[in-house]
Amino acid sequence: MSERTSRSIDAGDVLARVTTLRDEVERSRPALDLPSASAAADEREALLGQLDDHVIPRLESIDAPLLAVVGGSTGSGKSTLINSILRREVSRSGVLRPTTTSPVLIHHPADAPWFRDARILPSLARVTGEPAEAQPGTVRLVPSDELAPGMAILDAPDIDSVVSANRALAAQLLAAADLWLFVTTAARYADAIPWELLQQASDRGTAVAILLDRVDRPAMAEVRSHLLEMLREHGLETSPVFTVPETDLDEGGLVPEPDIARLRAWLTALAGDDRARSLVVSQTLEGNLRSLGARTEALVTAVRTQREQVGCLARTAYDAYDRAEEGVTEGMRDGQLLRGEVLARWQEFVGTGEFFRKVEQGVARVRDRVGSAVSGASPTAELDEALHTGVAALLLAEADTAAATVARTWRGTEVGSVVLEDHPELARSSRGLEEEVERLVRDWQGDVLDIVRAEGGSRRTNARIAAYGVNGIGLFLMLVSFAHTGGALVAPEVAIAGGTTALAQKVLEAVFGTQAVREMAKRARLLLMERVALLYTAERERYTDITGDLMATEAQIRRLERAAAAIGEGRR
Ligand SMILES: Nc1nc2c(ncn2[C@@H]2O[C@H](COP(=O)(O)OP(=O)(O)OP(=O)(O)O)[C@@H](O)[C@H]2O)c(=O)[nH]1
Ligand SMILES: [Mg+2]
């Protein structure tokens, strides 16, 4: 196998891995726009941009012309330098700041096919000719014989512009570069923003040359040596530095030829030498590829952090509705349902002292008394109503507490408050909950009646049930099921309630037998709790469906990590 074939197979392999990484990075878009994660979100955009604008197109066509991007502060003389190198005005220079607002790409006419399509900078539309005014979102293509084939120069808008779109565009263009030509001046070379970008270039292994422009000759040596020191500090000590002295421009607005002779010679030599060009291209490509691991790691950390934050929100919702369920269980056990209205209605129902005295005399009499009471429509209906209302109120209160707890806890976090802002309805229980609860309690009463009917197996039992009516028995069973704990009547504080239901229990036991009543009450509670669990799950899912959608899966994060690791392996 020739060296060339083996190299191109390797490039193909790396390309496949980089494309996979690109897809995973694309998929890892953080679902939420969090102020705390904005740096990570920007970094992700930048990484995607660099893959699309440089790494992938470069791997796809390693022989495409070298793209030298000229970047720097506004008014540093970028456009003037480019014109001066080519000895004609290809990019307008000017006194208004910033002058260059959309990029100008100068290439040899023979290289036009490399730049006409969307191979690089796919997000920018191509324009040709001299537009009357700057057109945002475009790159102007200028064919020029002055430039050798194999190298193109791009005049970028300033990097520290007051126009934020300019800054973003400049960063994008710099990421697309095989070579940065960094223009700065004696006045501006120590500014912070250019050095941030230079550090980025250094981190990404991008080839950089520094053009120190418009330096007064007396200050030249001093400025140059300070600049070299700064370059060393940023790991850019191997970058060539070209100085251009401050001069009057000639009548064509160009820097006199002798003053840029060295820079021109270097660029011309680079343009004319295939090997030198491909060395620059590979230096930047290799550097970019090497930097992908660390850049992806930062993204992985950001995605994982957001996953954990959203996971916390979900846990809050699970916990709150679990507690709501426990609250209902507790409320059924502690006899609270049998106080107040229910107790009053019950006493009304069974009568007062006289009734209880009769109970003492024997269950048979009780049966007679209660039997007639249940058959009288009104007290049954009222007790039934009170019980129904009590259960519904308990379920609603627990659900409302859960919703309020979730909303309060969420509001206390950055992620939670962002989600709540998008979903204000989550601040309280769902709109139709009251009707749902009403329906649930009615359905459960149906369950209880089914239990009663199912127990009426023998003809003897059936006859006894008939004496009280299925509804009456069902009502007793409901009462009893709220006062039972493992078959024993509960706690002192529910003595009144217990006393109340003791009577109901005696009646039921006379009909079905002690063991059967215990089982029936247990089953009634179980069926209610099943329905409550379903209801609360639906309430809770209003939150957890959203958090689920917002959360990157662990598998997704691992795919991203694997994709980044695979690039290192592919290049070893
Ligand atoms: N005398 C003198 N003037 C210069 C020199 N270089 C640039 N200028 C002037 O400085 C101004 C800014 O130059 P440009 O080339 O437009 O600067 P730029 O870096 O392209 O600026 P932006 O496009 O805004 O980022 C223009 O008026 C130029 O004529 C120089 O070496 N000597
Ligand atoms: Mg300019």
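Residues numbered from 1 in each chain as written. Chains lettered and ligands numbered in written order. Predicted model: local features only at pLDDT ≥ 70, side-chain atom pairs only at ≥ 80, totals over all residues. Heavy atoms only, no water.

The subject of this paragraph is a negative patch on the surface. A surface patch of like charges, here negative, comprises Glu 385, Asp 400, Glu 434, Glu 435, Glu 436 and Glu 438. Of all elements in the fold, only helix 13 (377-411) and helix 15 (433-455) reach the threshold of two or more residues within the negative patch. No other element matches helix 15, which puts four residues into the negative patch. Residue placement: Glu 434 occurs in helix 15. (Patch = residues over 30% accessible without salt bridge, like charges linked within 9 Å, V, L, I, M, F, W, Y side chains within 5 Å. Areas by Shrake-Rupley, 256 points an atom, 1.4 Å probe, with all protein chains shown as cover. Salt bridge = Lys/Arg side-chain N within 4 Å of Asp/Glu carboxyl O. Lys, Arg positive; Asp, Glu negative; His and termini not counted. Charge placed at Lys NZ, Arg CZ, Asp CG, Glu CD. Helix = DSSP H or I, 4+ residues; strand = E, 2+ residues; numbered from the N terminus.)

Let's shift gears to the pattern of salt bridges. Within the structure shown, the criterion is met by 25 salt bridges. As a salt-bridge pair, Arg 17 and Asp 13 come within 3.3 Å of each other at their nearest N and O atoms. Residue Arg 17 and its partner Asp 13 are both found in helix 1 (residues 3-27); the two are separated by four residues, about one turn of the helix. Look at Arg 17 and you get partly exposed, because its relative accessible area is 24%. On the basis of relative accessible area, Asp 13 is assigned to the partly exposed category, the value being 30%. Arg 558 is the salt-bridge partner of Glu 554, the closest N and O atoms lying 4.0 Å from each other. Of this pair, Glu 554 and Arg 558 both sit in helix 20 (residues 554-571), four residues apart, which is roughly one turn of that helix. Several salt bridges share partner residues, and in doing so they unite Arg 304, Arg 307, Glu 554, Arg 558 and Glu 561 into one network. (Buried < 20%, exposed > 50% of the residue type's maximum accessible area, 1.4 Å probe, protein only.)

This brings us to unusual backbone geometry. Excluding glycine, a negative phi dihedral is what most residues carry, and trans is how most peptide bonds are arranged. With a phi angle near 45 degrees, Leu 121 is a residue other than glycine that sits in the positive phi range. Taking relative accessible area as the criterion, Leu 121 reaches 1% and is therefore assigned buried. With a phi angle near 55 degrees, Arg 214 is a residue other than glycine that sits in the positive phi range. With respect to the secondary-structure elements, Arg 214 resides in strand 7 (residues 207-215). Assessed through its relative accessible area of 42%, Arg 214 is described here as partly exposed.

End to end, helix 6 (residues 192-203) covers 16 Å across 12 residues, agreeing with the expected 16 Å (1.5 Å per residue, within 8%). Those residues of helix 6 that fall on the buried side of the exposure criterion are Pro 194, Trp 195, Leu 197, Leu 198, Ala 201 and Ser 202. Burial along helix 6 is one-sided: seen end-on, the buried residues are contained in an arc of 160 degrees. Pointing more than 90 degrees away from the buried face of helix 6 are the exposed residues Ala 192, Glu 196 and Asp 203. Contacts made by the buried residues of helix 6 are with helix 5 (164-175), strand 6 (179-185), strand 7 and helix 7 (220-233). (Expected span 1.5 Å × (residues − 1). Arc of directions from axis to C-beta. Contact = heavy atoms within 4.5 Å.)

Attention shifts here to the side chain of Ser 481. By the secondary structure assignment, Ser 481 is in helix 17 (residues 470-481). Once residues lying within four places of it in the same chain are set aside, the contact partners of Ser 481 are Trp 444, Ala 521, Ala 524 and Arg 525.

For ligand 1, the set of nearby residues contains 20 residues, the closest of which are Thr 74, Lys 78, Thr 80, Thr 99 and Thr 100. In the environment of ligand 1, an oxygen atom lies 3.0 Å from a nitrogen or oxygen atom belonging to the backbone of Gly 75. In this structure, an oxygen atom belonging to ligand 1 sits 2.9 Å away from a main-chain N or O atom of Gly 77. Protein burial of ligand 1: of its 640 Å² of free accessible surface, 89% is covered by the chains. When residues of the shell around ligand 1 are assigned to their parent elements, the largest contribution, three residues, is made by helix 3 (residues 78-86). For the shell around ligand 1, a count of residues per class yields three nonpolar, 12 polar and five charged. (Near = heavy atom within 4 Å. Polar contact = N/O pair within 3.5 Å; in protein donor to acceptor, adjacent residues only side chain to side chain. Nonpolar A, V, L, I, M, F, W, Y, C, P; charged D, E, K, R; others polar.)

This paragraph deals with the packing of helix 2 (residues 38-60) against helix 9 (residues 274-333). Direction vectors running N to C along helix 2 and helix 9 enclose 150 degrees, while the axes themselves pass 10 Å from each other. The angle between helix 2 and helix 9 falls in the class roughly antiparallel. Helix-helix and strand crossings are classified by hand; for helix 2 and helix 9 the assignment is left-handed. Contacts from Ala 40, Glu 43, Arg 44, Ala 46, Leu 47, Gln 50, Leu 51, His 54, Val 55, Arg 58 and Leu 59 of helix 2 reach helix 9 at Val 281, Thr 284, Leu 285, Asn 288, Leu 289, Leu 292, Arg 295, Thr 296, Leu 299 and Ala 302. Considering only residue class, the contact of helix 2 with helix 9 consists of 12 nonpolar, five polar and four charged. (Axes fitted to C-alpha atoms, helices over the stretch in contact; angles between N-to-C directions. Parallel < 35°, antiparallel > 145°, perpendicular 65-115°, else oblique. Left-handed = near helix turned anticlockwise from the far one by under 90°.)

Below, the discussion takes up the packing of aromatic side chains. Given two aromatic rings, one states the distance between the centres and the angle between the planes to describe the pair. According to the stated counting rule, one finds six aromatic pairs in the structure shown. Here the aromatic rings of Phe 242 and Trp 266 are separated by 5.0 Å at their centres, their planes lie at 45 degrees, and the arrangement is tilted. Placement of the pair is Phe 242 in strand 8 (residues 241-245) and Trp 266 in helix 8 (residues 261-272), with a sequence separation of 24 residues. (Phe/Tyr/Trp six-rings, centres within 6.5 Å; stacked < 30°, edge-to-face > 60°.)

Further remarks concern helix 10 (residues 340-350). Residues of helix 10 that are buried include every one of Val 342, Leu 343, Arg 345, Trp 346, Phe 349 and Val 350, and no others. Seen from one end, helix 10 has its buried residues packed into an arc of 165 degrees, which puts them on one side.

Overall, the prediction assigns the protein chain a mean pLDDT of 86, with 89% of residues at 70 or greater. Low pLDDT, under 50, characterises residues 373-377; the stretch is placed with six contacts to residues that sit more than four places away or in other chains. (pLDDT = per-residue confidence, 0-100.)

With that settled, the discussion passes to the environment of Asn 462. Within the secondary structure, Asn 462 is located in helix 16 (residues 459-468). Through-space distance from the C-alpha of Asn 462 to that of Phe 512 is 9.7 Å; in sequence the pair is 50 residues apart. Filtering out sequence-adjacent residues up to four positions away, Asn 462 remains in contact with Gly 456 and Gly 457.

Moving on: the packing of helix 15 against helix 19 (residues 514-550). Where helix 15 contacts helix 19, the axes come no closer than 10 Å and their chain directions differ by 155 degrees. In terms of orientation, helix 15 lies roughly antiparallel with respect to helix 19. Helix 15 and helix 19 meet at a crossing whose hand is right-handed. Here helix 15 contributes Leu 433, Glu 436, Val 437, Leu 440, Asp 443, Trp 444, Asp 447, Val 448, Ile 451, Val 452 and Glu 455 to the contact with helix 19, which in turn contributes Ala 516, Met 520, Arg 523, Ala 524, Leu 527, Leu 528, Arg 531, Val 532, Leu 535 and Glu 539. Partitioning the contact of helix 15 with helix 19 into residue classes produces 14 nonpolar, no polar and seven charged.

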